[in-house]
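Listed below are the residues making up each chain.
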Amino acid sequence: MFQPAPGNVSFPKQEEETLEFWRERRVYEKTLQRRAGQPKFVFNEGPPTANGLPHPGHCLTRAIKDVFPRYRTMRGYFCERQAGWDTHGLPVEVEVCKELGIHAKEEIEAYGIEPFIHKCQASVWRYMKEWERLTERIGFWIDLGSAYVTYHQSYIESVWWSLKQLFDRGLLYKGHKIVWWWAQGGTALSAGEVGQGYREVADPSVYVRFPLVGEENASLLVWTTTPWTLPSNQFAAVHADMEYARVSDEQTGQRLILAAALVETLAKKLKRELTVEETFPGSALLGKRYIPPFNYYYQTLGKKTGALKEGGVEHLAWRVVAAEFVTLESGTGVVHQAPAFGEDDFNVLQGERARFQADAGPELICAVGPDGRFTAEAGEWQGRWVKDADKEITRNLRDRGLLVHQEQYIHNYPFCWRADQDPLIQYPRESWFIRTTAFRDRMLENNRRINWLPEHIRDGRFGNFLESNVDWALSRERYWGTPLPIWVCEKTGMMEAVANYDDLLKKPGAAGAEVWEQAKQANPELVEDLKVHKPYIDAVTYDSPFAHGARMRRVPEVIDCWYDSGAMPFAQLGYPHCEKEKFEQQFPADFISEAIDQTRGWFYSQLAISTMLFGDEQHVTDDTPLHEFPHPFRNCIVLGLMLAEVGVCDKCEQRYNDPSVAKCEKCGGNVSRRTEKMSKKLRNYREPQEIFDRYGADALRWYFFANQTPWSSIIYSERAIKEKIPEFLLRLWNVFSFFVSYSNTSGFDPADLLAGEAGQLKPETLRTAAGYRPFEERNELDRWVLSELNRTAAAVVERMDAYDNFVACARLNEFVDALSNWYVRRSRDRFWENWRREGESKTFTNLDLASIPKLDAASREKLDGYWTLYECLTTVSKLIAPFTPFLAESLWRNLTGVFGPRAEESVHLCDYPTGDASAVDAQLSDRMRLVREIASLGLSVRADKKLKVRQPLSKAEVILSDTLHQAWLESHDALLRDELNVKQIEYTQETEKYVNYQVVPNFRLLGPQLGKLMPKVQGALKKINPGELLASLNATGEAKLTIDGQEVTLSSESIEVRLQAKEGWAAAQGHGGVVVLSTELTPDLLREGYARDLVRFIQERRKEMNCQYDDRIAVVVGVDAPELGQAFKENEAYIRNETLAVEFAVSPLKNAQAADQQLAGQPLTLDVQVAGA
RNA sequence: GGGCGCAUAGCUCAGUUGGUUAGAGCGCGUCGCUGAUAACGACGAGGUCCCAAGUUCGAAUCUUGGUGCGCCCA
């Protein structure tokens, strides 16, 4: 007996039980053991940070990350899954600062770096429990116990090893980086933080003259909104291809040079005429020298030149250069360049430097200190806060006649999000860089070999990003991060990199480790990993090999935490300090997946690090292995963003987090749905846990997998998740529930019929069961559904191998639909078989095995039906296992539980079905499709003519577009007769009576042949007599047309015949043909219809009475209308059989008032009693 | 400002290499079924495939330009 499977199942509850089962039986571990030694499928987990709560977006990534490893495991691969946590970085520090109520770096240092670090380490695990719960609940099978953690010593030492490789190869260097700088706090802000602090402000907008050297009274006219950067001016930039003009200003007698297109705009501002004297391209200005507005630097450097690489010399600064970013949007088309205070400007400087020989180019000029105040180099402005100096600088320029115009400029400018009165400034900081630009081409090549899904990422967003690669700014002036493992000689400034802690302590004269030892002694709870962190690691120094008596001290910086995560392919194992061999076996990864926001994050950091370390034989050291592209991953699914769905009132903008609200509670206006970014602040989404509790993890997973391609942005819509349940999960459950209840009542128990090991219930095992007949002996419907099953399995495997979960799910959905809506629907009669035979309660229970071959035909067919459905359901549970692992497990455990230990305990231990090609019957598929189409057309006619299906009709006539399958259909029309409730189906020859023919060319075939002739052939076919054409085709296999004197030969493949039903018939047309129903209702047919109506009344009554399936009843029908009485009498056998009525009587209606039913407009009473009760 | 992507039914989304009745689910309407039954099914209505131009015998699909939206970067 199968466990009962009621229709009103609670999936969430069932899932919790399944989780318990998996835990208890250690099923995940068993799936790994089962595949030990098999080929590997390598999945790498991109580490999330556990210091924030998981949200719905994480559910998507976790679901996608789960489905492919599960699938591959079932396909026979050994797929270990190591979890990981990203633990370093500014977000952690910010959280701790919040907790401590402090902001600035000074405050952190005042609090003490040591306790601060301890707090960071603890804070990292704040939401660990929530993450682990989510991971388990959504069914993401991954080894949490062996998770890699980026702050662990072994991880950090792997990172150190890689950095030492880069350092030793000369790929790490110190340079400047322009950052958004909070001067008051003394810290740089990340892009995300800067983005939060934009505000609209009014800044001075000044137009300043830069007099040209050696040109009479002519000046460049430059525009800036940051006058305080003028003392640090180094260049003026123009666009080489834009047109410039020299204009004369009559009032001042000055001649100004600016973009020609902006002359008029400027004239309006100045409210006076400017006369254009000459125009020329920007390229004509290149190289011209000018006198900057302040001469602090100019007085010493103004005349200096340097040697160029290409030969010759050039002035270091204060000349015109070309830049692409110069536009006509605002200003004058001549842009003041202060490389210290803008990234674009800085890049210009870098470009200039690259033209000079080593160390001969211009240095960065910066007249501002890190505190945001002018330095001594700025003369009179020294000590002034730069933003305060704007006004005075402007006045100074006016006094000296350099200011041409001044106004207010309103724009967005960033302020510190922690101190909103403090404007940020762009400021150069010393930083360590990785020379990634040297690997640009190799990264591009590597990228080309990666299978990106969607494809456009490769040459689009990611490829473009790689094309414009700049050196990786690696270092951070922060506290909680992987320390940069570089030690500097205090005397010579010479440096070396260290690959691990032991090496460090073995250095000659190493000292300082005791700082850690003492801390550990004072507080034994400190985790050992902290010893490789600040401040302990900073205490470790050693004797300089470069200068006698000098010490080596570590640089103060930590590194970008993206480097941490990018090192994950080897650092998760602690490579190369350990697990060397294992790393070799699992590199590169077969599969990774994250959302699109990781393009410049984890996708890039992995690719860059891997390309530099493992890809370039010229630089590689002896013990570093080389790898063929692609690495470090072969396939990557880039997920779309997840959006929240909310309701917003059209009138008053009131927000509703439940998008199903239709009327505004405040103003009564219409609430319309809107999608927007998910936001923790707005809480505009439902917590994942609530979704699990209401609908279950499978519902959410199926929604993610089956509703859209993974890369389209996904709307996290509760309604949509809910709606997916009946379409697939519940439909499948209903089929299963149907199977279980009938099997139990009929006594079908596969465990009784199948001896020995049942294992995975594979086809070869099923074939050994008693009563399991070979396909070819079963009926058409069984063969059809098994063919569809195997076709589906093959298609799903094909799609999943290509990482296409969406189409795979569509295939599964189609099959479950076919199983439910055609196979079960059309097979119900068979499953009911035994109840229909009055007085017979024969079931398969305790069936003598030897007597099975002697079963009568009906019983055999019934047994076939059970075996077929059983095979479909067990196979489907395997097929859906990677997608909806919970439902799959519930189905499997119930379907195979009857075998006890003879069957596999979990569906996830099974092999994935790949489809048996020999069981696929394409012709049968086509035929069944045709049958379903004809049935559909027939039902369409009935609906159109208001002829309910219960009313039998005498005949349906079918005219097929293509008579290929006609003979088969004729010999298999019982199914259609039953479905359409007609007495006879005729494949009529009198086609002209019902239909018009239309001959349409096969464009795909003829198009390439005929080219321009195509429309004319199309026109000719419209006019032609189709009968003659078809006759010719039938007789000779071809037909000829003459178009424009040219003969065109048509074969039967080159045309398609379409049928159109003529007016006046109850007919419907489709691709396959036309169905015409005979609508004449004879008294016989009507009476039969009445009998069916009565059966329905009685069945309804049985249901109301809560009859058992096999209860026998006694029925008395009270009716006066003679035609009804006659109808019931004539069809008594049918009525008794359908309703299990052992007694059936028709009596005159006693009291018309008491009639509880109406049939054909006549009153009727119904008295139903359980027989013998 | 630059890059990338998206735009198809009321909603959420599919749509292979260009091929002539553009699909699915939900919703809606009509009806059916009633021993899968707090289910289920059928049928139907609903589309200028964002706009415009081009390439082509033929464009939802390719090209260009525009419009709107989103993301990333500046």
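Cut-offs and rules
Residues numbered from 1 in each chain as written. Chains lettered and ligands numbered in written order. Predicted model: local features only at pLDDT ≥ 70, side-chain atom pairs only at ≥ 80, totals over all residues. Heavy atoms only, no water. Pairing = 2+ DSSP bridges. Helix = DSSP H or I, 4+ residues; strand = E, 2+ residues; numbered from the N terminus. Axes fitted to C-alpha atoms, helices over the stretch in contact; angles between N-to-C directions. Contact = heavy atoms within 4.5 Å. Buried < 20%, exposed > 50% of the residue type's maximum accessible area, 1.4 Å probe, protein only. Parallel < 35°, antiparallel > 145°, perpendicular 65-115°, else oblique. Left-handed = near helix turned anticlockwise from the far one by under 90°. Phe/Tyr/Trp six-rings, centres within 6.5 Å; stacked < 30°, edge-to-face > 60°. Lys NZ or Arg CZ within 6 Å of the ring centre and 35° of its normal. pLDDT = per-residue confidence, 0-100. Core = buried A, V, L, I, M, F, W, Y, C linked by side-chain atoms within 4.5 Å. Expected span 1.5 Å × (residues − 1). Arc of directions from axis to C-beta. Polar contact = N/O pair within 3.5 Å; in protein donor to acceptor, adjacent residues only side chain to side chain.

**Quick notes on the pairing of strand S3 (residues 172-182)**
In step 1: By the bridge criterion, ten bridges tie S3 to strand S16 (residues 425-434) in an arrangement that is antiparallel. Residue pairing for S16: Lys-177 is matched across the bridge by Arg-429.
In step 2: Across three bridges, the pairing between S3 and strand S4 (residues 187-189) is antiparallel. The partner of Trp-181 across the bridge, within S4, is Ala-188.
In step 3: Joining the antiparallel neighbours S3 and S4 is a turn of four residues, in which Gly-186 adopts a positive phi near 65°.

**Here we look at the sheet that holds strand S26 (residues 633-639)**
In step 1: The strand order across the open sheet built from three strands is S17-S26-S25, with neighbouring strands paired in parallel fashion. Looking at the sheet topology across the chains shown, the edges are occupied by strand S17 (451-453) and strand S25 (589-595). In this sheet, adjacent strand axes meet at a mean angle of 15° when their direction is disregarded.
In step 2: Bridge count between S25 and S26: six bridges; the pairing is parallel. Across the sheet, Ser-593 pairs through a bridge with Ile-637, a residue of S26.
In step 3: Sheet strands in contact with helix H3 (residues 56-74) are S25 and S26, and its direction is about 160° off that of S25.

**Considering the pairing of strand S6 (residues 218-224)**
In step 1: S6 sits mainly inside the fold: seven of its seven residues count as buried.
In step 2: Burial of S6 is two-sided: the residues Ala-218, Leu-220, Val-222 and Thr-224 facing one way and the residues Ser-219, Leu-221 and Trp-223 facing the other way are all buried.
In step 3: Across three bridges, the pairing between S6 and strand S9 (residues 254-259) is parallel. Directly across from Ser-219, in S9, lies its bridge partner Leu-256.

**Details of the side chain of Ser-906**
In step 1: Structurally, Ser-906 is set in the loop between helix H31 (885-897) and helix H32 (922-944).
In step 2: On the basis of relative accessibility, which here comes to 0%, the residue Ser-906 falls in the buried class.
In step 3: Other than its neighbours up to four places away in sequence, Ser-906 contacts Phe-21, Val-27, Glu-889 and Trp-892.

**Topic: the sheet that holds strand S37 (residues 1067-1069)**
In step 1: The four strands are arranged S32-S31-S38-S37 in an open sheet whose pairing can be described as mixed. Strand pairing shows two members of the sheet lacking a second neighbour, strand S32 (982-987) and S37, which therefore form its edges. Between one strand and the next, the sheet's axes are offset by a mean angle of 15°, whatever the strand orientation.
In step 2: Across five bridges, the pairing between strand S31 (residues 953-960) and S32 is parallel. Directly across from Leu-953, in S32, lies its bridge partner Val-982.
In step 3: Packed onto the sheet, H32 meets S31, S37 and strand S38 (1073-1077) and runs at close to 45° relative to S38.

**Brief notes about the packing of helix H4 (residues 90-100) against helix H6 (residues 113-123)**
In step 1: It is the contact of H4 with H6, at a shortest axis distance of 9 Å, that shows an interaxial angle of 110°. The orientation of H4 relative to H6 falls into the category roughly perpendicular. Note that H4 runs across H6; the crossing there is right-handed. For the pair formed by H4 and H6, the contact residues are Val-92, Glu-93, Glu-95, Val-96, Cys-97, Glu-99 and Leu-100 on the first element and Phe-116, Lys-119, Cys-120 and Ser-123 on the second.

**Details of the packing of aromatic side chains**
In step 1: Summed over all chains, the structure comprises 57 aromatic pairs.
In step 2: Ring plane angle 85° and centroid distance 6.5 Å describe the contact between Phe-43 and Phe-140, whose orientation is recorded as edge-to-face. Of this pair, Phe-43 sits in the loop between helix H2 (27-35) and H3 while Phe-140 sits in the loop between helix H7 (128-137) and strand S2 (143-149), placing them 97 residues apart in sequence. When sorted by exposure, Phe-43 lands in the same class as Phe-140, which is buried.
In step 3: Judged by centre distance (6.2 Å) and plane angle (80°), the ring pair of Phe-739 and Phe-748 falls under edge-to-face. Both residues of the pair, Phe-739 and Phe-748, belong to the buried class.
In step 4: An aromatic cluster of three or more residues is present, and its members are Phe-2, Phe-739, Phe-748, Tyr-772, Tyr-866, Trp-867 and Tyr-870.
In step 5: Arg-70 extends its terminal NZ or CZ atom over the ring of Trp-141, reaching a point 3.9 Å from the ring centre.
In step 6: Seen from the ring of Phe-294, Arg-400 lies directly overhead, with NZ or CZ sitting 4.9 Å from the centre.

**Focus: the packing of helix H36 (residues 1003-1010) against helix H37 (residues 1014-1023)**
In step 1: Here H36 crosses H37 at 130°, and the two axes come no closer than 9 Å. Overall, the two elements H36 and H37 adopt an arrangement that is oblique. Touching Phe-1003, Leu-1006, Gly-1007 and Leu-1010 of H36 are Met-1014, Val-1017 and Gln-1018, all from H37.

**Some details on the confidence of the model for chain A**
In step 1: Of all residues in chain A, 95% attain a pLDDT of 70 or more, and the chain-wide mean is 85.
In step 2: Of all secondary-structure elements in chain A, the lowest mean pLDDT belongs to helix H9 (residues 191-196), at 64, while H2 reaches the highest, 97.
In step 3: Prediction confidence for the complex, expressed as pTM and ipTM, is 0.87 and 0.90 respectively.

**Quick word on the nonpolar core**
In step 1: Within the largest apolar cluster, 169 residues are counted, with the highest numbers of intra-cluster contacts made by Phe-704, Phe-739, Leu-869, Tyr-870 and Phe-883.
In step 2: A per-element tally of this core places helix H25 (residues 718-746) first, with 13 residues.
In step 3: Residues contacting Phe-883, with those up to four places away along its chain left out, are Val-67, Arg-701, Trp-702, Phe-705, Met-800, Asn-805, Ala-808, Cys-809, Leu-812 and Tyr-912.
In step 4: With 75 residues, the next largest nonpolar core counts Phe-210, Ala-323, Leu-403 and Val-404 among its residues.

**Some remarks on helix H12 (residues 343-355)**
In step 1: The end-to-end C-alpha distance of H12, which contains 13 residues, comes to 19 Å, matching closely the 18 Å that a straight helix rising 1.5 Å per residue would cover.
In step 2: The complete set of buried residues in H12 reads Asp-345, Phe-346, Val-348, Leu-349 and Glu-352. On an axial view of H12, the arc spanned by its buried residues comes to 155°, and they lie on one face.
In step 3: Buried residues along H12 sit against S3, strand S7 (235-238), strand S13 (320-322) and strand S14 (335-337).

**Observations concerning the side chain of His-965**
In step 1: With respect to the element layout, His-965 can be found in the loop between S31 and helix H33 (966-971).
In step 2: For His-965, the side chain forms a polar contact with the side chain of Arg-927, separated by 3.3 Å.

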